[in-house]
Amino acid sequence: MPQATTEWPQAAIAECVSAVVRSRRSVRAFRPPPLRRQLVEEILDDAASAPSGANIQPWRVYVVSGAAKDELADALVAASRAGRAPPPAHFPEPLPDVYRARMIDFGTRYYASLGIARDDATARARQTERNFSFFGAPVGLIFTIDRRLKPHSWIDLGLFAQCVMIAAKARGVDTCPQVSFAPFHDVLAARLHMPPEEMTAFGMSMGYGDPEARVNRTRMPRALVADFAQFQGFPA
Ligand SMILES: Cc1cc2nc3c(=O)[nH]c(=O)nc-3n(C[C@H](O)[C@H](O)[C@H](O)COP(=O)(O)O)c2cc1C
């Protein structure tokens, strides 16, 4: 990112960053062109600028493409069909009402964009399974963290992941972050030769999104700043 200069006035930088941040979406249908390894390395190199508590940089990423990605996807689909993973427990039960309402709204918009009826459990399961083939993206990433660290360090990993997505989007590359991989740590650890101290936090699909796919055209709404921020001490 350039510094503000006469060539790059601050307003132009802000407009550019804002446009990239706002245009990032979770993309779940991709076009075939592969991504060069050098491009993915550039994205990860940018993302390595993410902050972390005491600069410990606890992120680790496994990047797969081509046959390595396909073999991993096949193993995950097989494990999923065999019921090998514990049921996902990404959210507490009961989920507080404010979050449950947003989750239901997400599901309604998501499945409508795919033409999947609310009560069609088979079609929903098939779509969930598409997570494991990285929604057809040419590159898949698996993010891990050292299990000896405390939850605080997961903040670092999340910040890193957002930097990956923004650095990708700035280059016209789309992504989808996916917690769906987490229950399949045993499959991932064996295939990716992870050391025992690592645990899978989430995965990510990466590639050039298909702008024609309806699933990519759905926009997930956001609460207003006034709904989540409180300001104090500012002049009226
Ligand atoms: C930590 C995390 C985990 C997610 N896991 C999944 C997932 O497993 N599968 C999926 O399709 N989307 C997943 N998403 C994408 C969210 O559904 C998406 O970010 C949200 O609906 C907002 O939409 P947007 O990213 O298009 O703005 C995940 C997002 C985050 C941040």
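Fair warning: this is a prediction, and the values are worked out from it, not measured in the lab.

About the criteria used
- Residues numbered from 1 in each chain as written.
- Predicted model: local features only at pLDDT ≥ 70, side-chain atom pairs only at ≥ 80, totals over all residues.
- Heavy atoms only, no water.
- Helix = DSSP H or I, 4+ residues; strand = E, 2+ residues; numbered from the N terminus.
- Expected span 1.5 Å × (residues − 1).
- Buried < 20%, exposed > 50% of the residue type's maximum accessible area, 1.4 Å probe, protein only.
- Contact = heavy atoms within 4.5 Å.
- UniProt positions renumbered as here; feature names shortened; annotations may be inferred.
- Near = heavy atom within 4 Å.
- Polar contact = N/O pair within 3.5 Å; in protein donor to acceptor, adjacent residues only side chain to side chain.
- Areas by Shrake-Rupley, 256 points an atom, 1.4 Å probe, with all protein chains shown as cover.
- Nonpolar A, V, L, I, M, F, W, Y, C, P; charged D, E, K, R; others polar.
- Arc of directions from axis to C-beta.
- Core = buried A, V, L, I, M, F, W, Y, C linked by side-chain atoms within 4.5 Å.
- Pairing = 2+ DSSP bridges.
- Axes fitted to C-alpha atoms, helices over the stretch in contact; angles between N-to-C directions.
- Salt bridge = Lys/Arg side-chain N within 4 Å of Asp/Glu carboxyl O.

**Q** Which residues make up helix H6 (residues 152-169), and what values do they have?
**A** For H6, which comprises 18 residues, the first-to-last C-alpha distance of 27 Å matches the rise-based estimate of 26 Å (1.5 Å per residue) to within 8%. If you check which residues of H6 are buried, you get Ser-153, Asp-156, Leu-157, Phe-160, Ala-161, Val-164, Met-165, Ile-166, Ala-167 and Ala-168. Residues of H6 that are buried sit in contact with helix H1 (10-23), helix H2 (37-47), strand S1 (60-65), strand S2 (139-146), strand S3 (174-178) and strand S4 (198-207).

**Q** With reference to specific residues and values, describe the UniProt feature "domain: Nitroreductase" (unreviewed entry) in the chain.
**A** If you check UniProt for "domain: Nitroreductase" (unreviewed entry), the listed places come out as residues 21-208 in our numbering. The span residues 21-208 is 44% helix and 15% strand, and its two end C-alpha atoms sit 17 Å from each other.

**Q** Hey, could you go over the site of the ligand for me, with residue numbers and the actual values?
**A** In the neighbourhood of the ligand, 14 residues make up the surrounding shell, with Ser-26, Arg-28, Val-179, Ser-180 and Arg-222 lying closest. At 2.6 Å, a side-chain N or O of Ser-26 approaches an oxygen atom of the ligand. A distance of 2.9 Å separates a nitrogen atom of the ligand from a polar atom in the side chain of Asn-131. Out of a free accessible area of 620 Å², the ligand has 70% covered by protein chains. Element by element, the count of residues in the shell around the ligand is highest for S3, at three residues. When the residues that make up the shell around the ligand are grouped by side-chain class, the tally is six nonpolar, four polar and four charged.

**Q** If you had to explain H2 to someone new, which residues and values would you point to?
**A** Every buried residue belonging to H2 is among Leu-39, Val-40, Ile-43, Leu-44 and Ala-47, and all of these are buried. Each buried residue of H2 lies within a common arc of 135 degrees when the element is viewed along its axis, so the set occupies one face. Exposed residues on H2 whose side chains face more than 90 degrees from its buried face are Arg-37, Gln-38 and Asp-45. Turning to H2, the residues buried within the fold contact S1, S2, H6 and S4.

**Q** How would you summarise the nonpolar core if you had to cite specific residues and measurements?
**A** By size, the foremost hydrophobic cluster in this structure holds 29 residues, and its most contacted members are Leu-72, Leu-76, Ile-142, Leu-188 and Leu-192. Elements with a contribution of two residues or more to this core: S1, helix H3 (66-81), helix H4 (97-113) and helix H7 (185-192). With five residues, the top contributor of residues to this core is H3. Once residues within four sequence positions are removed from consideration, Ile-142 is found in contact with Arg-60, Val-61, Tyr-62, Leu-72, Phe-134, Phe-181, Leu-188, Leu-192, Met-194, Thr-200, Phe-202 and Gly-203. Among the nonpolar cores identified, the runner-up in size contains 24 residues, and Leu-39, Leu-44, Leu-141 and Phe-143 belong to it.

**Q** Explain the sheet that holds S4 residue by residue, including any values.
**A** Pairing is antiparallel in the open sheet, where four strands are placed in the order S1-S2-S4-S3. The two strands at the open ends of the sheet, each matched to only one other strand, are S1 and S3. Taking each pair of neighbouring strands and ignoring which way they run, the sheet shows an average axis angle of 25 degrees. Bridging between S1 and S2 involves six bridges; their strand directions are antiparallel. Paired with Val-64 across the two strands is Gly-140, which belongs to S2. Where H3 meets the sheet, its contacts fall on S1 and S2, and the angle it forms with S1 comes to roughly 105 degrees. Helix-sheet contacts for H7 involve S1, S2 and S4, and the interaxial angle to S4 is about 80 degrees.

**Q** Which residues make up the pattern of salt bridges, and what values go with them?
**A** Close approach of charged atoms allows side chains with opposite charge to pair. The final tally for this structure, using the stated rule, is eleven salt bridges. Among the ionic pairs, Arg-171 bridges to Asp-46, the shortest N-O distance being 3.0 Å. Separated by 125 residues along the polypeptide, Arg-171 in the loop between H6 and S3 and Asp-46 in helix H2 bring together distant segments of the chain. Using a relative accessible area of 36% as the deciding quantity, one classes Asp-46 as partly exposed. Among the salt bridges present, the one from Lys-169 reaches Asp-174, with a minimum N-O distance of 2.8 Å. Take Lys-169: its relative accessible area is 21%, and that puts it in the partly exposed class.

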